[in-house]
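Working through the structure, step by step
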Amino acid sequence: MSNKSTSIPALRLGFDVGRIGFFAGLVLLALIAALALSGIILNLPPPEKMDLLSRLASPSVAHPLGTDHLGRDVLSRMVAAIPVSMGAAMSAMAAILAISLPWGLVAGLAGGRVDMVMMRLADIIMAFPTLVLALAIIGFMGASLEASIIGVAAAWWPSNARLVRALVLSASARDFVRGARLGGASRLRVVFRHILPQILPPLAVIISLETASVLLALSSLSFLGIGAQPPTPEWGAMLNEARPFLVQAPHMLIVPGLAVTLSVLAFNLVGEGLRELLDKREPYEW
Amino acid sequence: MLRYILIRLATALPTLLGMSFVAFAIVSLAPGDPVMQELRAMGVVPRPEDIAAIKAEYGLDKPFFPRYFDWLGRALRFEFGESIATGRSVMDEIGIHLPSTLALAVSSFIGAVTISLGLGVAAISAGRWTRAGLRGLTIALVSVPSFWLALLLIYAFVLQLGWMRLVGNGSAPDLILPALTLSLGAGASLGRVVYERIRSEMCEDHVRLAIAKGLSPASILVGHIAPRIIGPLATAWANTFGALLGGAVIVESIFGWPGLGQLILQAIAQRDLPVIQAYLVFMGLGFFITSLLADIIVILFDPQLRREVNHE
């Protein structure tokens with residue numbers, strides 16, 4: 001073996017972009033989770049409580065991040081939106097995985113005609129741009145947060161299934177997997193002991209990066225007014241409500257926008273960092 | 001080559017057929033009765049025979065599959081009927097809005113490809129700290145939602161600096177801000193792909209050999225790495241174009257750009273089913289053509305595939 005294999009990524013000393021990014025992402029996620037729970041401790045006003053006398057107020061002691069056009073506290077709405085926005089992204093991602101993981105596994109392992117038919121079916125869905133199909137499904141179901149979750153999941157799963165299939169194909173081509181099969185291991189044993197452990201790390205990268213994109217897509221739909229409906233606190237919907245008041249109340253624009261960006265950033269950092277940590281290749285320097 | 005394209009088109013037929021079926025089914029199976037809605041929109045208290053007459057006019061009295069084949073036959077001739085909301089023909093509506101969306105998508109696409117190549121190549125050839133900074137910038141740009149970026153740009157350039165106007169008439173200067181919004185996000189996510197691809201090529205032995213021969217980084221990039229990554233990049237470009245067509249909906253609605261996005265949002269709000277169907281078919285077709293172009297680029301730049309295609 002060359003001496004390249006002696007540098008184990010996890011033990012590399014000093015500055016490492018991947019590791020810093022990964023931990024920064026985890027810290028951000030932890031902060032967001034802590035903020036979601038702090039609503040009770042901070043004694044924030046309820047997110048729906050209107051105070052028409054202090055509409056569009058700038059940040060003050062009573063309202064640390066100001067109020068919106070109905071005099072609702074922006075901070076408490078931002079905090080109350082965490083479980084809504086994050087929960088929507090997580091449930092969409094769970095739905096995507098629930099379809100794409102078995103779909104990709106079966107297609108990759110079965111091969112032949114089964115594989116072809118399954119991938120053709122996925123191709124049909126993938127023939128539409130993702131957001132376009134999601135829009136049509138929402139048009140079908142009528143605008144609501146649930147419809148946007150279903151629309152995004154239905155438009156998203158085929159590309160994910162394709163990735164899972166590619167991972168399964170390259171994992172099952174490894175010599176030790178063939179060896180296990182020749183050694184008489186059952187199909188299930190091969191899948192659970194030899195293939196799944198191989199695809200889990202790259203899958204973790206994919207899940208993290210795709211959760212970021214799903215979160216973006218869902219908040220875009222809410223922003224367009226066809227996702228979460230008012231008065232539900234949701235970051236995209238809050239930004240939509242802020243549009244007429246750009247000049248009078250810029251804080252209504254900054255707060256929910258930063259919230260979406262930082263949450264998406266957290267998932268992206270975790271995914272990219274994880275990828276860098278798992279990547280054992282070393283490019284040749286010039 | 002022609003033979004390959006014909007084969008590729010033939011194998012795509014089932015997919016296209018399936019696509020048209022999805023477009024039809026999504027809309028036709030939608031809950032709610034479009035006839036009742038139209039009547040209610042006209043302010044008429046419907047009598048049973050009126051309902052039957054309108055159902056016959058739209059062919060809604062027939063069962064599902066005959067209706068699909070009728071619709072498909074007309075869709076092949078690009079006849080999608082009349083918009084329920086405006087009463088104009090759907091093709092006229094699309095003809096009015098399509099050029100604006102294409103102009104927006106194409107200009108953002110050019111911007112995105114330029115930004116991605118710049119970001120990716122700069123990140124590869126920069127020193128360690130600059131590289132970390134550039135990659136951080138890329139991830140940050142990928143994470144900014146386009147609608148927020150659009151609002152921030154409006155706040156800065158329209159409201160504070162006054163360099164641009166918001167209610168445009170669809171002329172070229174009005175295209176700058178929407179195209180910038182779309183190309184920054186798409187360019188950053190493409191830049192991530194460019195960086196990954198170049199990096200994985202740099203782990204290959206042929207690059208090691210080129211370095212050992214004493215070639216300059218620029219000539220290694222252009223002569224050794226570029227031909228090998230253009231294929232995968234073309235596929236990513238096709239996906240980006242599809243994402244831009246979809247992403248245009250958001251940006252158009254913010255900037256008031258008179259494209260298909262405005263049309264579809266209205267159609268969803270009014271449940272204007274013929275428009276939604278036609279929009280789906282056109283977006284699917286546009287995406288299909290881009291993917292076909294990408295596949296041809298992949299073949300042109302891969303000597304092995306090229307030989308296979310020519311000798312078959």
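Thresholds applied
- Residues numbered from 1 in each chain as written.
- Chains lettered and ligands numbered in written order.
- Predicted model: local features only at pLDDT ≥ 70, side-chain atom pairs only at ≥ 80, totals over all residues.
- Helix = DSSP H or I, 4+ residues; strand = E, 2+ residues; numbered from the N terminus.
- Buried ≥ 20, exposed ≤ 12 C-beta atoms within 10 Å, placed from the backbone.
- Contact = placed C-beta atoms within 7 Å.
- Axes fitted to C-alpha atoms, helices over the stretch in contact; angles between N-to-C directions.
- Parallel < 35°, antiparallel > 145°, perpendicular 65-115°, else oblique.
- Left-handed = near helix turned anticlockwise from the far one by under 90°.
- Expected span 1.5 Å × (residues − 1).
- Arc of directions from axis to C-beta.
- Core = buried A, V, L, I, M, F, W, Y, C linked by C-beta atoms within 7 Å.
- Domains from an automatic or database assignment.
- pLDDT = per-residue confidence, 0-100.

So, about the overall build of chain B. What chain B contains, in helices and strands, is 13 helices and 0 strands. Taken over the C-alpha atoms alone, chain B extends approximately 85 × 60 × 30 Å along its principal axes. Each of the 312 residues in chain B was classed as buried or not, and the buried ones make up 38%. Across chain B, contacts joining residues at least 24 apart in sequence account for 74% of those joining residues at least 6 apart.

Summing up its helical and strand segments, chain A has 9 helices and 0 strands in all. The N-to-C order of helical and strand elements in chain A reads α-α-α-α-α-α-α-α-α. Summarising its shape, the C-alpha atoms of chain A cover approximately 75 × 50 × 40 Å along the three principal directions. Looking at chain A as a whole, 42% of its 286 residues qualify as buried. The long-range fraction of contacts in chain A, counting pairs at least 24 apart against all pairs at least 6 apart in sequence, stands at 68%.

So, about the environment of L265(B). One can find L265(B) in helix α11 (residues 260-270). Overall, the presence of 19 C-beta atoms within 10 Å leaves L265(B) in the partly exposed class. The spatial distance from the C-alpha of L265(B) to the C-alpha of I276(B) is 9.3 Å, given a sequence separation of 11 residues. Those residues in contact with L265(B) that lie beyond four places of it in its chain are L224(A), V249(B) and S253(B).

Another aspect to go through is the packing of helix α6 (residues 175-182) of chain A against helix α7 (residues 187-223) of chain A. Residue and element names in this part refer to chain A. Two elements in contact, α6 and α7, have axes whose closest approach is 10 Å; the angle formed by their N-to-C orientations is 160°. On the basis of their axis angle, the class for α6 and α7 is roughly antiparallel. Of the two elements, α6 crosses α7, and the hand of that crossing is right-handed. On the side of α6, the interface is formed by F176, V177, A180 and R181, while α7 contributes V190, H194 and I195.

It is worth spelling out the environment of A226(B) at this point. Looking at where A226(B) falls in the secondary structure, it is placed in helix α10 (residues 217-255). Separated by 29 residues in the primary sequence, A226(B) and R197(B) have C-alpha atoms spaced 9.7 Å apart.

In this section: helix α6 (residues 128-143) of chain B. Residues and elements named next belong to chain B. With 16 residues, α6 ought to run about 22 Å at 1.5 Å a step, and its terminal C-alpha atoms sit 23 Å apart, in line with that. When α6 is considered as a whole, its buried residues turn out to be R135, T138, I139, V142 and S143. When α6 is viewed along its axis, its buried side chains cluster within an angular range of 135° and face the same direction. Looking at α6, the residues exposed on the side facing more than 90 degrees away from the buried face are W129 and T130.

Time to look at the interface of chain A and chain B. In many analyses, interface size is given as the accessible surface area lost on bringing the parts together. Contact residues are listed per partner, giving 41 residues for chain A and 48 residues for chain B. When contributions to the side of chain A that touches chain B are tallied by element, the ones reaching two or more residues are α3 (112-126), α4 (130-141), α7 and α9 (251-278) of chain A.

Membership of the largest hydrophobic core comes to 152 residues, with the highest contact counts inside it found for A92(A), V152(A), L218(A), I276(B) and Y279(B). For this core, the leading source of residues is α10(B), giving 19 residues. Two domains each put at least three residues into this core: domain 1 (18-75) and domain 2 (99-311) of chain B. Contact partners of L218(A), with chain neighbours within four places excluded, come to A88(A), A89(A), A92(A), S148(A), I149(A), V152(A) and G227(A).

Residue and element names in this part refer to chain B. Mean pLDDT over chain B stands at 83; residues scoring 70 or higher make up 90%. The secondary-structure element of chain B with the lowest mean pLDDT is helix α2 (residues 34-42), recorded at 64, while helix α5 (residues 90-125) shows the highest, at 90. Interface confidence for the predicted complex, given as ipTM, is 0.81, next to a pTM of 0.84.

Another aspect to go through is the environment of L145(A). Residue and element names in this part refer to chain A. Residue placement: L145 occurs in helix α5 (residues 145-172). Residue classification places L145 among the buried residues on the basis of 22 C-beta atoms within 10 Å. Expressed as a C-alpha distance, the spacing of L145 and A92, which sit 53 residues apart in the sequence, is 11 Å. Setting aside anything within four residues of it in sequence, one finds L145 in contact with A88, G227, A228 and T232.

Moving on, we get to the confidence of the model for chain A. Interpretation of this model should avoid reading the predicted coordinates in detail wherever pLDDT is low. Taken residue by residue, chain A gives an average pLDDT of 84. The fraction at 70 or more is 93%. Residue range residues 1-14 of chain A is modelled with pLDDT below 50. Its contacts to residues more than four positions away, or to other chains, number 4 contacts.

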